[in-house]
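Each chain is listed here by its residues.
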Amino acid sequence: LPSKLPQSKTSIFTVMSQMAQKHNAVNLSQGYPNFETDEHLKDLVTKAMKNGYNQYAPLAGIPELREQIVKKVETLHAHAYDMKTEVTVTNGATQALFLAITAFVHRGDEVIVLKPAYDSYEPAIELNGGKIVPVQMKGKDFQIDWKEVEEKISSRTRMIIINTPHNPSGRVFSREEMEHLEKLLKGTGIILLSDEVYEHIVFDDHKHLSASSFAGLAERAIVCASFGKTFHNTGWKMGYCVAPEILMKEIQKVQEVNVFCVNHPMQKAFAEYLQTPSHYLDLGKFYQAKRDKFLSLVKDTRFRMEPAEGTYFQLLDYSELTDEKDVDFSQRLITEFGLASIPVSVFSLPGEDHRQLRFCFAKTDETLEKAAEILMKVS
Ligand code: PMP
Ligand code: GLN
């Protein structure tokens, strides 16, 4: 049969996690915490089930959860979305991204994707007959070449996708970058799809700047968020998107025929849990301690590192150790040393030569110590 996704292979996250299991390796590859979500949150889900919230929820999500989402976004990013028409609760950010792309990308439309990019964007564009227009972020510090972005905008450009804090680089987009984007998109009909799943995981003096907080971006932006990343329950697959009504109306048409609505008892639980802002506002501090622990454990190795500005990923540059390609080195790290990571090149354009591996530090201190011991040995 002719495949609609002829280029797609098993995701690198699945491949690496399976290899890690096979070789009984310490797994810092796929991005998920290896510790538990809050017992209180689990109790809230159970309570909602026991209280009978076990049938379909409203398409957009239950009102009390939408209200909490709108409140959170307004408090943090000073943009007031209408809870009635401008929020949709989704099956994780992955579904929000898919809904947004499906709702707006027509056959032949161009979508600008900054590379390295999370692996779900491009297949979604392809499935909708869109054309991917990649722009590679440059150098070890992943700088955006705005001139190239500008040159790649054409009359067919329907959408541009950004991700901040950025997976896999750990970079947080600066105010200048967001303003540059705002200027660039001014007067165009281009939709901005802003993947902000690591919004609460930022470190040091960095601040997450949401597309929602720039008037010229908010008017054209679909902002996607993930409860899985924020509340340590990636397996629950809960998230949401916010966007102006004119965009959200189209997204909800797709949602209606895609899943109609998402998990009802979990929505009840999150609606209550979000009433305590410390549940998400303390996350940066929590992960900064993990990042710092990991960095201090590996500081005497020959790996080179710039501390991640955000996300729960740390890049390590291994160019002083070996000339191997990152895919080869990451495989040898698993098979010979028992440590799984993600090679950065899989997120990039073919031919891009990254001498960096991505390590997920959303792990217990014990796991981070085991991983560091291996990295000391390798180095
Ligand atoms: N975008 C990025 C950049 C991610 O890293 C992830 C998580 N793997 C997602 C989207 C998907 O989020 P979710 O698990 O909520 O679907
Ligand atoms: N977002 C996670 C990562 O980057 C993986 C999610 C997935 O496995 N699809 O590692």
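Source: prediction; values computed, not measured.

Conventions and cut-offs
Residues numbered from 1 in each chain as written. Chains lettered and ligands numbered in written order. Predicted model: local features only at pLDDT ≥ 70, side-chain atom pairs only at ≥ 80, totals over all residues. Near = placed C-beta within 6 Å. Helix = DSSP H or I, 4+ residues; strand = E, 2+ residues; numbered from the N terminus. Nonpolar A, V, L, I, M, F, W, Y, C, P; charged D, E, K, R; others polar. Buried ≥ 20, exposed ≤ 12 C-beta atoms within 10 Å, placed from the backbone. Arc of directions from axis to C-beta. Contact = placed C-beta atoms within 7 Å. UniProt positions renumbered as here; feature names shortened; annotations may be inferred. Domains from an automatic or database assignment. Expected span 1.5 Å × (residues − 1). pLDDT = per-residue confidence, 0-100. Pairing = 2+ DSSP bridges. Axes fitted to C-alpha atoms, helices over the stretch in contact; angles between N-to-C directions.

(A) A look at the site of ligand 1. The immediate surroundings of ligand 1 are formed by 13 residues, with Gly92, Ala93, Thr94, Tyr118 and Ser226 found nearest. Top element by residues in the shell around ligand 1 is helix 4 (residues 92–104). It accounts for three residues. Here the residues of the shell around ligand 1 sort into three nonpolar, nine polar and one charged.

(B) Summary view of unusual backbone geometry. Following Lys115, the chain continues into Pro116 via a peptide bond in cis, with omega recorded as 0°. By the element assignment, Pro116 lies in the loop between strand 3 (110–115) and helix 5 (121–127). Geometrically, the link from Thr164 to Pro165 is a cis peptide bond, its omega value of -15° lying close to zero. Here Pro165 lies in the loop between strand 5 (157–163) and helix 7 (175–185).

(C) Representation of helix 7 within the structure. Buried within helix 7 we find Met178, Leu181 and Leu185. Seen along its axis, helix 7 keeps its buried residues to an arc of 60°; they face one direction. Looking at helix 7, the residues exposed on the side facing more than 90 degrees away from the buried face are Arg175, Glu176 and Lys183. Contacts from the buried residues of helix 7 go to strand 6 (191–195) and helix 8 (215–218). Following helix 7 by one or two positions, Gly187 adopts a phi angle in the positive range, close to 80°.

(D) Here's a closer look at the UniProt feature "domain: Aminotransferase class I/classII large" (unreviewed entry) in the protein chain. Here the UniProt feature "domain: Aminotransferase class I/classII large" (unreviewed entry) sits at residues 25–374. For residues 25–374, the helix share is 40%, the strand share is 15%, and the end-to-end C-alpha distance is 10 Å.

(E) Representation of the domain arrangement of the protein chain. According to the domain assignment, the protein chain consists of domain 1 (12–30 + 282–378) and domain 2 (41–277). When each unit is reduced to the centre of its C-alpha atoms, the spacing between domain 1 and domain 2 is 26 Å. Taken together, the elements giving at least two residues each to the side of domain 1 that touches domain 2 come down to helix 13 (283–298) and strand 9 (313–317). No other element matches the five residues that helix 13 contributes to the side of domain 1 that touches domain 2. Of the residues contributing to the side of domain 1 that touches domain 2, the split by class is eleven nonpolar, six polar and six charged.

(F) Representation of the site of ligand 2 within the structure. Neighbouring ligand 2 are Ser11, Phe13, Gln30, Gly31 and Asn167. Taken together, the residues that form the shell around ligand 2 break down as one nonpolar, four polar and no charged.

(G) Up close: helix 4. When the terminal C-alpha atoms of helix 4 are compared, their 19 Å separation across 13 residues agrees well with the 18 Å that a helix rising 1.5 Å per residue should span. Counting buried residues in helix 4 gives 13 out of 13 residues, a clear majority hidden from the surface.

(H) Up close: the confidence of the model for the protein chain. Taken over all residues, the pLDDT of the protein chain has a mean of 97, while the share at 70 or more is 100%. Mean pLDDT per element in the protein chain: helix 1 (residues 12–22) is the minimum at 90, and strand 6 is the maximum at 99. Per the prediction output, this complex has pTM 0.98; the corresponding ipTM is 0.97.

(I) Fine view of the sheet that holds strand 2 (residues 87–90). Taken together, seven strands build an open sheet; the order of strands is 2-8-7-6-5-3-4 and the sheet is mixed. Two strands bound the open sheet, and with one partner strand each, they are strand 2 and strand 4 (131–136). For this sheet the average axis-to-axis angle between neighbouring strands, irrespective of direction, equals 20°. Taken together, the four bridges between strand 2 and strand 8 (residues 239–242) define a ladder with antiparallel strand orientation. For Thr88, the partnering residue across the bridge sits in strand 8 and is Cys241. Here helix 4 sits on the sheet and contacts strand 2, strand 5, strand 6, strand 7 (221–226) and strand 8; the angle it forms with strand 7, its principal contact strand, is near 160°.

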